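Okay, here's what each chain looks like letter by letter:
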Amino acid sequence: MIEFAISSLKRRFWKYLAVFFIYTLLIWLTSSIFLISLSLKKELFLTVEELPEIIVQKTLAGRLIPIEIDRVEKIEEIVGVEAAYPRVWGYYYFAPARVNFSVVGLEEIGYTKTLNNFLALNEFEGNVMVVGEGVKRILNNYYYKEFFNFITPSGEFVQVKLKGTFPTTSALESSDTILLPLPLARKIFQLPSHLATDIVVKVPNPKEVPLISQKIKTLFPDSRVISKEDIKASYQNLFDYKQGVFLAVMLGAFLAFFILAFERISAIGQEEMKEIGILKALGWQIRDILKLKFLEALLVVGNAFFIGIVLSYGYVFWFQAPLLRNLFSGFSVLKPTVEFLPVWDWGVFITLFLVTVPLYLFAVIIPSWRASVVDPEEILR
Amino acid sequence: MIECQKVKKVYNLGTSKEVVALEEATFYIPKGSFTLLVGPSGSGKSTLLALIGALTRPTSGKVVVDGEIVSKLPEDFASLYRREKVGFIFQKFHLLEELSVLENVVIPLIPTSSPTIYKKAQEVLKRFSIDHKAKSKVRKLSGGEQQRVAIARSLINDPKLLLADEPTANLDKRLTLEFIEILKELKGEGKTILLATHDPRFLELDFIDKILEVKEGYVIS
Amino acid sequence: MLSPEVLILLILDGAILLFLTLSFFTAVLIVRYFDFSKDTPLQYYLERRSYLVSVILHLSFSLKIPLLFYFVYTLDKLSNVIPGAMCAAGVITSNSYGVALLAVKVLNIYLFGLWLVANREDFFTKEYRFTKFKFKFFIFIYLFVVGEFILELLFFKSLDVSKVVSCCGVLFDATKNSTLFSFFLLDSKLSAGLFYLSFFLLLFFRKKIYLFSLLTLIFLLFSLISLIQFFSPYIYQLPTHHCPFCLLQKEYFYVGYLLYTFLFLGTFLGVSVGFKKFFLTKEDKSWPSLLFDSLYLLVVTFYPVWYLFKNGVTLF
């Protein structure tokens, strides 16, 4: 039966070629976009993994404001907290290039591993800064090769020496970042020394996080407490939502395709009609014809699926998704160095499979059935 | 072998396009006999063949073949009946032109998914000395060769009953004679043969057991 | 909630519903006009439509089974974004439609299966003996399918990411008589006892087909209760963990897929023998059903025995 199905497809090569081609294209496109977003998500989660367990911010009238540094000690007194650090960071708008840099002030001890490793290897004092690749490129464009002039809120210039760029583990995180010694960061933001942007809390046992969050909230009712889990959940939500919206758009394309496939396959020509009549007169049952038609459909859709997936893998992870990547980069200016990290997620492939293969089979139900009930008596006339 | 009792066929029954193709026909064809079905085209010969081959069901009456009531079979059972007991030879052969000879011949057996179908096909092809063309496409064969493929295909399931609908309409005299020889041989093997034709040459054959004449839907023995 | 998984579930279930609606009209026509003794174009048309419905049901059925697992997978995934939920159990109880939806989904798979059994028998008779019956039965099933789809829409629409729900630890905690599942809260040992008892009754009455089918339903009920109350803590090796969904996760070697396959297959076959005898006048043996029931029983019994063997104590 399978040989017959293959030869039947071959004989109608041109009829199925368009269907096959467009279907492969659609699967490739959907799969590529899924893979890119999955890869970005993986990268983001790697970044999130490095975050401290809890971040404490202060709010006033619903807006974030700097938080008092003396709260650090009180938080450290809570049982289960290993340490708490104040952070000074913010965004610096570089008007000529119309971009925001993330400016991060560092003490001797950072709160992430990458930064710690980096600090251990470098002297980091006075008016110096270390920047990400993206920042360096932009500064170079504006002829800041050796130093850069920050403008403080009160309008003074602060000249800072460009000491170098830092290594990037996760490109998303760091490409737009400027690292400064803490006092310098305060100076640029004009942040008084009893205040910090926020406080990060290290909690060794993740199971204690909800309880500690609760305690901090009770201790300082004006604070906003964000845990790592919260951030993950909101990212997950965001990605699901984006993928969902995207899929909804893609479905339009799929629908158009199914109509095409339906048209193509249901247009049973005279020749094919006669052929099925002959098969039935020679003793083929309706279920045999149906089997044949579904085998044909499975061959088409199965191959299209397989080839589409393989192509999208090559396209995203080998060629780094030319063209499509622009679609995903609101950060295209600052983050040109994003490397898509290879991912493999069964869930996504099952999802892709479910959205493509069964719907195709549904699209061919009626045409196949129509073929299978061709009246065998016709051929005697 | 074949028993028809008051078999009547009306097409498009209950609609405005009602056509009576066959009036109540009653006849009997014994096992192993060679029966000729004669009459002008459009007289109802094909309808009769279709009813006996269970390609359609009669409006009323009963058709019994080899002890089985074939006039009241659901479509899938009718197919099964054809696969197991009937061999068809059509007027235009109805071969699949783009397929090879071998592929054409195995068609009736493909649904059985038995592993020996290609072996069987080779044997039948050998019998009609067309096995040397097994791999060629039917499209490239001559008329006579195509006919032998059609006969081989009708016999691959070793049917008890052979139904032929104007098999020689497109053949020249030499090939018709060759075909008649094969028929004779098959009758010798005990196959029941029913052949519809309007070719008068058949009437002169010496091994005819029965002649049924069909005229405007009426069957006359 | 608009996650890709939810979207796909809705689309596929929607597609199934669309085609079943098509079949529904055929079913009505067939119930009214089907008459095999007639030679009218309408009759030929109806016979052919009957095949179409059969194809649609086959495809829907073979899609519904993976979709059920996919549904649970989706819930598991959603449990990441719904605060408090640790697995599918939390998500499904987060609003009042979830449990009913899951129940109807399982029920529909059973019904589809039974329809296919009837269909098969029908195609094996030479006179379309059960055609009318199977389409009447289909009309009945169709109502459930519509119900399932409405429930599914309501369920996903009312999922709320800002509402805190309970995790499975709370849901199945016998001491806090808290949730929808309170019906399931028999004493652990008692539930296990009833489970084994119902199995032996099955074994004992294996020849009395109707009783056997009825007992199969009871067996299914006690299987689920005892799975939650008695066996799952042994599987998780944690006396307070009573969740029927976490079984499907990697940490427990996906044993849930095996268990549910055995249980659902066994009980389906059990129900189907009664169904066949009553509606299709066909006697079937009960041993295939008993075989899968026994396999389920063996796998599930293995856990407490193994626990006892390793630790020398029982959990309850």
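Reading the values: rules and limits
Residues numbered from 1 in each chain as written. Chains lettered and ligands numbered in written order. Predicted model: local features only at pLDDT ≥ 70, side-chain atom pairs only at ≥ 80, totals over all residues. Heavy atoms only, no water. Contact = heavy atoms within 4.5 Å. Buried area = accessible area lost by both parts, 1.4 Å probe. Salt bridge = Lys/Arg side-chain N within 4 Å of Asp/Glu carboxyl O. Polar contact = N/O pair within 3.5 Å; in protein donor to acceptor, adjacent residues only side chain to side chain. Helix = DSSP H or I, 4+ residues; strand = E, 2+ residues; numbered from the N terminus. Nonpolar A, V, L, I, M, F, W, Y, C, P; charged D, E, K, R; others polar. Patch = residues over 30% accessible without salt bridge, like charges linked within 9 Å, V, L, I, M, F, W, Y side chains within 5 Å. Areas by Shrake-Rupley, 256 points an atom, 1.4 Å probe, with all protein chains shown as cover. Phe/Tyr/Trp six-rings, centres within 6.5 Å; stacked < 30°, edge-to-face > 60°. Buried < 20%, exposed > 50% of the residue type's maximum accessible area, 1.4 Å probe, protein only. Lys NZ or Arg CZ within 6 Å of the ring centre and 35° of its normal. Domains from an automatic or database assignment.

(A) Representation of the interface of chain B and chain C within the structure. The interface of chain B with chain C comprises 16 residues on the first partner and 17 residues on the second. Each partner contributes to the roughly 1,300 Å² buried at the junction of chain B and chain C, and carbon and sulfur atoms together form 51% of this total. The largest contributions to the chain B side of the interface with chain C come from Arg 57, Lys 72 and Phe 77 of chain B, which together make up 42% of the buried area. Here chain B is connected to chain C by 4 salt bridges. On inspection of chain B and its partner chain C, the count reaches 9 residue pairs in polar contact (both at pLDDT 80 or more). For the side of chain B that touches chain C, the secondary-structure elements that each account for two or more residues are β1 (2–11) and α2 (75–85) of chain B. The biggest single contributor to the side of chain B that touches chain C is α2 of chain B, with 3 residues. Split into classes, the residues belonging to the side of chain B that touches chain C amount to 6 nonpolar, 4 polar and 6 charged.

(B) Highlighting a nonpolar patch on the surface. Residue and element names in this part refer to chain A. A cluster of nonpolar side chains, contributed by Phe 21, Ile 22, Leu 25 and Leu 260, occupies part of the molecular surface with about 340 Å² of accessible area. In terms of residue count, the dominant contributor to the nonpolar patch is helix α2 (residues 13–50) (3 residues). As for its position among the elements, Ile 22 is in helix α2.

(C) Quick peek at the packing of aromatic side chains. Applying the stated rule across the entire model yields 61 aromatic pairs over all chains. Look at Phe 94 of chain A and Phe 101 of chain A: their rings are 5.7 Å apart centre to centre, the planes differ by 20°, and that puts the pair in the stacked class. A single burial state applies to Phe 94 of chain A and to Phe 101 of chain A, both of which are buried. Between the aromatic rings of Tyr 110 of chain C and Phe 268 of chain C, the centroid separation amounts to 6.1 Å while the plane-to-plane angle is 70°, which identifies the pairing as edge-to-face. Of this pair, Tyr 110 of chain C sits in helix α4 (residues 98–124) while Phe 268 of chain C sits in helix α9 (residues 255–280), and the two are 158 residues apart along the sequence. The burial state of Tyr 110 of chain C is the same as that of Phe 268 of chain C; both residues are buried. Grouping aromatic residues by their ring pairs yields a cluster made of Phe 195, Tyr 196, Phe 199, Phe 200, Phe 219, Phe 230, Phe 231, Tyr 234, Tyr 296 and Tyr 307 of chain C. The ring of Phe 4 of chain A has Arg 11 of chain A lying over it, and the distance from NZ or CZ to the ring centre is 5.7 Å.

(D) Up close: unusual backbone geometry. Positive phi values are uncommon outside glycine, yet Asn 12 of chain B reaches one of about 55°. Topologically, Asn 12 of chain B is positioned in the loop between β1 and β2 (19–29).

(E) Up close: the domain arrangement of chain C. Residue and element names in this part refer to chain C. Domains assigned within chain C are domain 1 (4–158) and domain 2 (168–311). Using only C-alpha atoms to locate each centre, domain 1 and domain 2 end up separated by 25 Å. Summing the contributions of domain 1 and of domain 2, the shared interface buries around 2,000 Å²; its carbon and sulfur component is 82%. If you sort the residues of domain 1 by the area they bury against domain 2, Phe 69, Tyr 110 and Leu 114 come out on top, with a joint share of 29%. Here domain 1 is connected to domain 2 by 1 salt bridge. Across the pair Lys 282 and Glu 121 runs a salt bridge whose closest N-O atoms are separated by 3.2 Å.

(F) Region of the structure containing the interface of chain A and chain C. Contact residues are listed per partner, giving 31 residues for chain A and 29 residues for chain C. The contact between chain A and chain C buries some 2,700 Å² in all, and 79% of this surface belongs to carbon and sulfur atoms. On the chain A side of the interface with chain C, the three residues burying the most area are Leu 354, Phe 362 and Trp 369 of chain A, jointly 25% of the side's total. Summed over the shared surface of chain A and chain C, the result is 0 salt bridges. Applying the counting rule to chain A against chain C returns 2 residue pairs in polar contact (both at pLDDT 80 or more). Listed by contribution, the elements that provide at least two residues to the side of chain A that touches chain C are α9 (228–266), α11 (286–318) and α13 (346–372) of chain A.

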